[in-house]
Amino acid sequence: MEYYGEQILGIITPFLAVSAFLIPLLSLVIKRKGFYNAYASVVSFIAMVFSFLVFADVYTSGKPIVYAYGGWPPPIGIAYEADAFNALIGAYTSFALFFVVLFSVWYSKVIDDVVWYYTLLLGLETGVLGCVYTGDVFNLFVMLEVLSISAYALVAYYRNRPISIEAAAKYAILGAVVTTCYFISLVFIYGSYGTLNMADLAFKASKGMQAVVVSNGLYGNIVTASLIALVLALWAFTFKSALFPNHFWLPDAYSGSPIPIAAAFSSAVEIVGVYMVVRFLYTIFGVNSVIAASGFRDIIMTVLLVLGILSGIVGALLMITQNNVNRLLGYSTISHIGLLYMALALGLSGMPKDIIALGLVALLFHVINHGIGKLLMFMGVGVAVATTGTRDLNKLSGIGRLYPIASIAIIAAAFHLMGLIPFGGFFSKLLIYQAYISAELLIPAIMVIIISAISVLGYVKIMYSIVFAPIEKEYKQLNTLGIDILMTLLIVACIILGILSPWIASKLSIVINNSLMPAGVDKYLQSFFNTFYKLIPG
């Protein structure tokens, strides 16, 4: 099973990339929209199956798997390495993007050019899974560019709408700046450590000059170089995840893009930024690294905690003032991203391991809860927008009365995202709260409650406008059978995530202990060394 897991890990992103680039070629001979709907659905489904197989392999074996491209041993060549953490993130994001593709199939009735739409969407999925699975910090830069370019183009998909072009230009220009900053961080990393492989970096950052290395030695002041590199990298990652104050591009991007793309951003794209922060702060520069020994890691964690709280509050407050439903949901995402950073910021040096683990379990659980809830909300809202042709909540008045399933979906998604029992969103927020109470940090615990309470007003605004307000005019009703099925599945998923939350949390605890805790990081390093020695006999 392990052998097949390794091969599948190496296949996923090339398969998606080739599949994406085949679409423009196929369009030269095939003009039917239905073909591309089916093609994208099948490709995304296969990628999801591959991702779940990788996770099943890693979870059942209890150790990471490594795929070395071209047979070149890491760190000489590029390698993908999947531990339990990124294998689960990969499985979740592939699931979310599969549902985004199915959502797009229904929404394609109001999309003109599906050829380039699906080319870019599959390119986006290539970048997302490439960022998640890669074990090389330079290849992370490459896949981040693949993700970013696809995202910029998808935001500008409605090229005749000024708001879309403005949003894409803002996103692309600022995105180019922050990815350049990340590239500069790689210069400091390679100049000081002589390697770009994540496991090799983690080993050197923890062992220092005493490390028995498989690459070159250390050069210069690695503490200073590591700190500069980490600050530059985290700026890029917090921009990609839309953490305050790097959140300003996201509401415009949501407003300008097709609704399924906004769903993809909230459920998968921003999660990549959060994932990269966790990978850098827990695996590469973890509790035993030179950054931690110098005290800078705790400072970074504290800053991320403060920014997480501010992001949660700012996002929740600005939800209330929005009339554009996409912008409102954009600020909702910013608020939830703040909660995720609060969860990951518990990894302070003196913090008990069980509390750190609880925070990371809460992080993983809330990633899944927020993503499923936001997918469901965008589907319900998408039905209303497709019917009326507007995203103005004042003009969506009562449209939900025509679509009972969509109305139930909006209400269920709102309750889930608010954090009401018995929906899963309540239990992941509860875990974040419990983690801070266990750490005896009362103020952040209270802020989780305050952020959730403020955000309720924004979700009530959506529910009242679309579902409960009187309908103002007659509309031609759309055929929603396909999307009704998707929404029903996600409604059930939101409830199951709540009912089974104790069992889910126990399984996520295994994932965290086997990947991000010190014993899990050791397994990550050991898998790297095993691959190196296997490919270089003697």
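Scroll up to find the structure.
For every chain, the first residue of the written sequence is number 1, and numbering continues from 1 onward in sequence order. With the structure being a predicted model, the display of local features is reserved for residues of pLDDT at least 70 and the display and counting of side-chain atom pairs for 80 or more, all residues being used for whole-chain, interface and lining totals. Side-chain metrics in this entry use all non-hydrogen atoms of the structure; hydrogen atoms and water are not considered.

> How should I be thinking about the overall build of the protein chain in this particular structure?
Strands are runs of DSSP state E lasting at least 2 residues, helices are runs of H or I lasting at least 4, and numbering of each runs from the N terminus. For the protein chain, the count of helices and strands is 20 helices and two strands. Here the globule rule is a power law, 2.2 Å times the number of residues to the power 0.38, and the radius of gyration is based on C-alpha atoms. Relative to the 2.2 N^0.38 estimate, which gives 24 Å for 538 residues, the radius of gyration of the protein chain is 22 Å and therefore close to what a compact globule would have. By principal-axis analysis of the C-alpha atoms, the protein chain measures approximately 75 × 60 × 40 Å. By definition in these notes, contact holds between two residues if any of their heavy atoms fall within 4.5 Å. Expressed as a percentage of contacts within the protein chain between residues at least 6 apart in sequence, the contacts between residues at least 24 apart total 81%. Of the roughly 18900 Å² that the protein chain leaves accessible, carbon and sulfur atoms contribute 70%. Counted charges follow a simple rule, with Lys and Arg positive, Asp and Glu negative, and His plus the chain ends left uncounted. Charged groups are reduced to one reference atom each: NZ for lysine, CZ for arginine, CG for aspartic acid, CD for glutamic acid. The distance from the centre of the 26 positive side-chain charges to the centre of the 22 negative ones in the protein chain is 6 Å. Residue-level accessible areas treat just the shown protein chains as cover; the underlying method is Shrake-Rupley with a 1.4 Å probe.

> Looking at this structure, how should I read the nonpolar core?
Within soluble globular proteins, side chains that are nonpolar generally end up buried alongside one another. The biggest cluster of nonpolar side chains holds 204 residues, and the ones touching the most others in it are V54, Y182, F237, F265, F280 and I466. Here the element with the most residues in this core is helix α14 (residues 353-388); it accounts for 22 residues. Residues within four places of I466 in sequence aside, it is in contact with V381, A384, L393, L396, G398, I399, G400, R401 and I410. The definition of a nonpolar core used throughout is a set of buried Ala, Val, Leu, Ile, Met, Phe, Trp, Tyr and Cys residues joined through side-chain atoms within 4.5 Å. Type-normalised accessible area, obtained with a 1.4 Å probe on protein chains alone, sets the label of each residue: buried when under 20%, exposed when over 50%, and partly exposed for intermediate values.

> Looking at this structure, how should I read the pattern of salt bridges?
Here, a salt bridge means any side-chain nitrogen of Lys or Arg that lies within 4 Å of a carboxyl oxygen of Asp or Glu. Applying the stated criterion across every chain yields a total of four salt bridges. Residues E6 and K534 are paired through a salt bridge, measuring 3.9 Å at the closest nitrogen-oxygen approach. Placement of E6 in helix α1 (residues 2-26) and of K534 in helix α20 (residues 518-535) is noted, with a sequence separation of 528 residues between them. Looking at K534, the relative accessible area reads 54%, which means it is exposed. Between D252 and R327 there is a salt bridge, with its nearest N and O atoms 2.5 Å apart. Of this pair, D252 sits in helix α9 (residues 249-256) while R327 sits in helix α13 (residues 325-344), and the two are 75 residues apart along the sequence. Given the relative accessible area of 14%, D252 is considered buried. Via salt bridges that share partners, K170, D252 and R327 belong to a single interconnected network.

> Could you clarify how one ought to interpret helix α10 (residues 259-284) in this entry?
Count 3.6 residues to each turn of an α-helix, and residues three or four apart come out pointing the same way. Here α10 spans 36 Å end to end across 26 residues, near enough to the 38 Å set by a 1.5 Å rise per residue. Its maximal kink placed at F265, α10 deviates by approximately 45°. Of all the 26 residues making up α10, 26 are buried; the element is thus mostly covered by neighbouring parts of the structure. Here the expected length of a helix is defined as 1.5 Å per residue gap, with one fewer gap than residues. One axis is fitted to the seven residues ending at the residue and one to the seven starting there. The bend at that residue is the angle between these axes.

> Help me out: how do you make sense of the pairing of strand β2 (residues 79-82) in this one?
Remember that side chains alternate between the two faces of the sheet whenever the strand is regular. Side-chain alternation along β2 places A79 and E81 on one buried face and Y80 and A82 on a second face that is also buried. Two strands are said to pair when DSSP picks up at least two bridges between them. The pairing of strand β1 (residues 65-68) with β2 spans four bridges and is antiparallel. Residue pairing for β2: Y67 is matched across the bridge by Y80.

> Help me out: how do you make sense of the packing of aromatic side chains in this one?
Aromatic rings in a pair are described by how distant their centres are and how their planes are angled relative to each other. Two rings from Phe, Tyr or Trp (for Trp, the six-membered ring) form a pair when their centres are within 6.5 Å of each other. A pair whose planes differ by under 30 degrees is stacked, one over 60 is edge-to-face, and the rest are tilted. Tallied over the entire structure, the rule returns 37 aromatic pairs. Measuring from ring centre to ring centre gives 5.7 Å for Y157 and Y158, while their planes differ by 70°; the resulting arrangement is edge-to-face. Residue Y157 is classed as buried on the basis of its relative accessible area, which comes to 10%. Where F529 meets Y533, the ring centres are 6.5 Å apart and the plane angle is 20°; that geometry is what we call stacked. Taken together, the residues F529 and Y533, both in helix α20 and four residues apart, mark about one turn of the helix.

> When you look at the environment of G482 in this model, what are you seeing that I'm missing?
If you trace the backbone, G482 turns up in helix α18 (residues 481-499). Sequence separation between G482 and V105 is 377 residues; the distance between their C-alpha atoms is 9.1 Å.

> Explain the packing of helix α12 (residues 296-320) against helix α17 (residues 442-468) to me, please; I cannot follow it from the model alone.
Contact geometry of α12 with α17 gives a least axis separation of 7 Å together with a crossing angle of 20°. Regarding the angle of α12 to α17, the classification is roughly parallel. Crossing angle aside, the handedness with which α12 passes α17 is left-handed. Here α12 contributes L305, I309, G312, I313, A316, L317, M319 and I320 to the contact with α17, which in turn contributes P444, M447, I451, I454, S455, L457, G458, Y459 and K461. Lines fitted to the C-alpha atoms define the axes, with helices restricted to the stretch that makes contact. Angles between their N-to-C directions range from 0 to 180 degrees. Orientation is classified from the angle alone, with under 35 degrees giving roughly parallel, over 145 giving roughly antiparallel, 65 to 115 giving roughly perpendicular, and any other angle giving oblique. A crossing counts as left-handed when the near helix is turned anticlockwise from the far one by less than a right angle, and as right-handed when that turn is clockwise.

> In this structure, what is going on with the side chain of D136? I would like to understand it.
Within the secondary structure, D136 sits in the loop between α4 (114-133) and α5 (137-155). K204 provides the closest opposite charge to the buried, salt-bridge-free D136, at an N-O distance of 12 Å. In contact with D136, other than residues within four places in its own chain, are I78, A79, L196, N197 and M198.

> I tried to follow unusual backbone geometry on my own but got confused; where do I start?
The phi angle of most residues is negative, glycine excepted, and most peptide bonds adopt the trans form. Of note, the bond from F244 into P245 is cis; its omega dihedral lies within 30 degrees of zero at 5°. With respect to the helices, strands and loops of the structure, P245 is situated in the loop between α8 (222-240) and α9. With omega at 5°, the peptide bond leading from I421 into P422 counts as cis. Secondary-structure assignment places P422 in the loop between α15 (404-418) and α16 (424-438). Positive phi values are uncommon outside glycine, yet A242 reaches one of about 60°. Residue placement: A242 occurs in the loop between α8 and α9.

> What is the right way to read a nonpolar patch on the surface from this model?
Here a patch means residues that are over 30% exposed by relative accessible area and free of salt bridges, tied together within 9 Å if like-charged and within 5 Å if nonpolar (Val, Leu, Ile, Met, Phe, Trp, Tyr). On the surface, a cluster of nonpolar side chains totalling about 580 Å² of accessible area is made up of F138, V142, V146, F183, I184, V187, F188 and I228. Taken together, the elements giving at least two residues each to the nonpolar patch come down to α5 and α6 (162-193). In terms of residue count, α6 provides more of the nonpolar patch than any other element does, four residues in total. Its place among the elements puts F188 in helix α6. Residue classification places F188 among the partly exposed positions, given a relative accessible area of 31%.

> Help me out: how do you make sense of α12 in this one?
When the terminal C-alpha atoms of α12 are compared, their 37 Å separation across 25 residues agrees well with the 36 Å that a helix rising 1.5 Å per residue should span. Turning to α12, its buried residues are R297, I300, M301, L304, L305, G308, I309, S311, G312, G315, A316 and M319.

> When you look at the state of the cysteines in this model, what are you seeing that I'm missing?
Simply put, the disulfide is a covalent bond whose two ends are the sulfur atoms of two cysteines. Pairs of cysteine sulfur atoms within 2.5 Å are what we label disulfides. One pass over the structure, following the stated rule, counts zero disulfides. The thiol sulfur of C181 is not disulfide-bonded, and the nearest other cysteine sulfur, from C131, lies at 17 Å.

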